[in-house]
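Read off the chains here:
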Amino acid sequence: MSTKPRRAFTIIEVMIAIGIFAMVITAMYAVWTSIMKGSRAAQNAAAAVQRSRIAVNAVEEAFRTVQLFNENLRHYAFEMKTSDDLMSVSMVSRLSPAMPGFAVQGGLTLCRVTFSITNGNELVMTHFPILADIENPTSEPYSVVLAKDVTLFAVEFWDRQKQEYATEWRYTNQLPPKVLITLATGKNTGSSKTPQDVVVREVVIPSAAIGGVQSGPPMGQPGGTPPGTPPGTPPGTPPGTPPRSGRNPLQSDSFQKF
């Protein structure tokens, strides 16, 4: 009984099959790599946008609850510093639960909040209770990086006299009626210096500065009373004089001597 010999693949055919298989695998890997890079870029962009929104919301919330008490400017001063390599704004505000680090202060919501640019391109928020001992603090102030790759952080103040926004606020005993907050983030690619994400918010400040407590005409004017004088004291009364409490009971007609 005769058998026919079976033909097998030649070495050239095997090499061609291996080459085609390698091309298919390479194409699949390139597509998978592109998908992963695109997904990572989209996640980074979404995270950067969300971080910018959170940062601007924190600045906006601080301005909405800002307070200024002229009688105690040591703790309530409204400060702003601008230079070529530094920009910071500091105020006393009431922290809301939406502010980062709200639970850290243990219920002391009235804090000094500072927003500043550090390390060249990071927006940092710092806050601590105004009742804390600044010179000998028992704990470090809470600090968190709100935004990275910051290309612009600007706060403009509405000037009532000029009816326009100003980059500086020199009225240390007043609060501006509204502010314009601008935050731009994003890495500069190549020769382009246009930021990737810009957030602009206009915030109307509902509060006003509280002046010093004063009774009667101002000091130095006729009829003025010194600060701390008890209510009901006639103007011009020397300091230290006890207040009049009305009619002396010893002079009452119904008082009987025994």
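Up top is the structure these notes are about.
Rules used throughout
Residues numbered from 1 in each chain as written. Predicted model: local features only at pLDDT ≥ 70, side-chain atom pairs only at ≥ 80, totals over all residues. Heavy atoms only, no water. Core = buried A, V, L, I, M, F, W, Y, C linked by side-chain atoms within 4.5 Å. Buried < 20%, exposed > 50% of the residue type's maximum accessible area, 1.4 Å probe, protein only. Helix = DSSP H or I, 4+ residues; strand = E, 2+ residues; numbered from the N terminus. Pairing = 2+ DSSP bridges. Axes fitted to C-alpha atoms, helices over the stretch in contact; angles between N-to-C directions. Contact = heavy atoms within 4.5 Å. Phe/Tyr/Trp six-rings, centres within 6.5 Å; stacked < 30°, edge-to-face > 60°. Lys NZ or Arg CZ within 6 Å of the ring centre and 35° of its normal. Patch = residues over 30% accessible without salt bridge, like charges linked within 9 Å, V, L, I, M, F, W, Y side chains within 5 Å. Areas by Shrake-Rupley, 256 points an atom, 1.4 Å probe, with all protein chains shown as cover. Salt bridge = Lys/Arg side-chain N within 4 Å of Asp/Glu carboxyl O. Expected span 1.5 Å × (residues − 1).

## Quick look at the nonpolar core
- Counting 38 residues, the largest nonpolar core has Phe-63, Phe-78, Phe-115, Leu-123 and Phe-153 as the members making the most contacts within it.
- Put simply, the parts of the chain that give this core at least two residues each are helix H1 (11-64), strand S3 (87-94), strand S4 (110-118), strand S5 (122-129), strand S6 (142-147), strand S7 (150-159), strand S9 (178-185) and strand S10 (197-204).

## Remarks on unusual backbone geometry
- Unusually for a residue other than glycine, Asp-149 sits at a positive phi of about 55 degrees.
- Position of Asp-149 relative to the elements: it lies in the loop between S6 and S7.

## Side note on the sheet that holds S7
- Pairing within the open sheet is antiparallel, and its four strands lie in the order S8-S7-S9-S10. Only two strands of the sheet have a single neighbouring strand rather than two, namely strand S8 (164-166) and S10. Strand-to-strand twist across the sheet, computed as the mean angle between neighbouring axes with direction ignored, equals 25 degrees.
- With eight bridges connecting them, S9 and S10 associate as antiparallel partners. When the bridges of S10 are listed, Thr-182 appears paired with Val-200.
- H1 rests against S7, S9 and S10 of the sheet, and its axis sits at about 15 degrees to S10.

## Comments concerning the packing of aromatic side chains
- For the structure on display, the rule yields six aromatic pairs.
- Taken together, a centroid distance of 5.9 Å and an interplanar angle of 40 degrees make the contact between Phe-157 and Trp-169 tilted. Taken as a pair, Phe-157 in strand S7 and Trp-169 in the loop between S8 and S9 lie far apart in primary sequence, 12 residues in all.
- For Phe-157, a relative accessible area of 0% corresponds to the buried category.
- A relative accessible area of 13% means that Trp-169 is categorised as buried.
- By way of ring pairs, the aromatic residues Phe-63, Phe-78, Phe-157 and Trp-169 are connected into one cluster.
- Lying over the aromatic face of Trp-158, Lys-178 brings its terminal NZ or CZ to 4.5 Å of the ring centre.

## A word on the side chain of Thr-182
- With respect to the element layout, Thr-182 can be found in strand S9.
- In this view, Thr-182 contacts Leu-152, Phe-153, Ala-154, Val-198, Val-199 and Val-200; residues no more than four positions away in its chain are not counted.

## Things to note about the pairing of S5
- With seven of eight residues buried, S5 lies mostly within the body of the structure.
- When S4 meets S5, the two strands line up antiparallel, connected through eight bridges. Paired with Cys-111 across the two strands is Pro-129, which belongs to S5.
- Taken together, S4 and the strand that follows it, S5, pair antiparallel across an intervening segment of three residues, in which Asn-119 is found at a positive phi of about 55 degrees.
- Relative to S6, S5 runs antiparallel, the two sharing five bridges.

## Describing a nonpolar patch on the surface
- A surface patch of nonpolar side chains, about 1300 Å² in accessible area, is lined by Phe-9, Ile-11, Ile-12, Val-14, Met-15, Ile-16, Ile-18, Ile-20, Phe-21, Val-24, Ile-25 and Met-28.
- Tracing the backbone shows Ile-12 in helix H1.
- Overall, Ile-12 belongs to the exposed group, its relative accessible area being 57%.

## Quick look at the pattern of salt bridges
- Overall, the coordinates contain three salt bridges when judged by the stated rule.
- Residue Glu-60 is joined to Arg-201 by a salt bridge in which the shortest nitrogen-to-oxygen separation is 2.7 Å. On the criterion of sequence distance, the pair formed by Glu-60 in helix H1 and Arg-201 in strand S10 is long-range, its members being 141 residues apart.
- When its relative accessible area of 13% is taken as the criterion, Glu-60 is described as buried.
- Residue class for Arg-201 comes out partly exposed when judged on its relative accessible area of 23%.
- Residues Lys-178 and Glu-202 are paired through a salt bridge, measuring 3.6 Å at the closest nitrogen-oxygen approach.

## A short note on H1
- With 54 residues, H1 extends 79 Å between its outermost C-alpha atoms, agreeing within 8% with the 80 Å of an ideal straight helix rising 1.5 Å per residue.
- Within H1, the full set of buried residues consists of Thr-33, Ser-52, Ala-55, Val-56, Ala-58, Val-59, Glu-60, Ala-62 and Phe-63.

The analysis is restricted to geometry; functional conclusions fall outside its scope.
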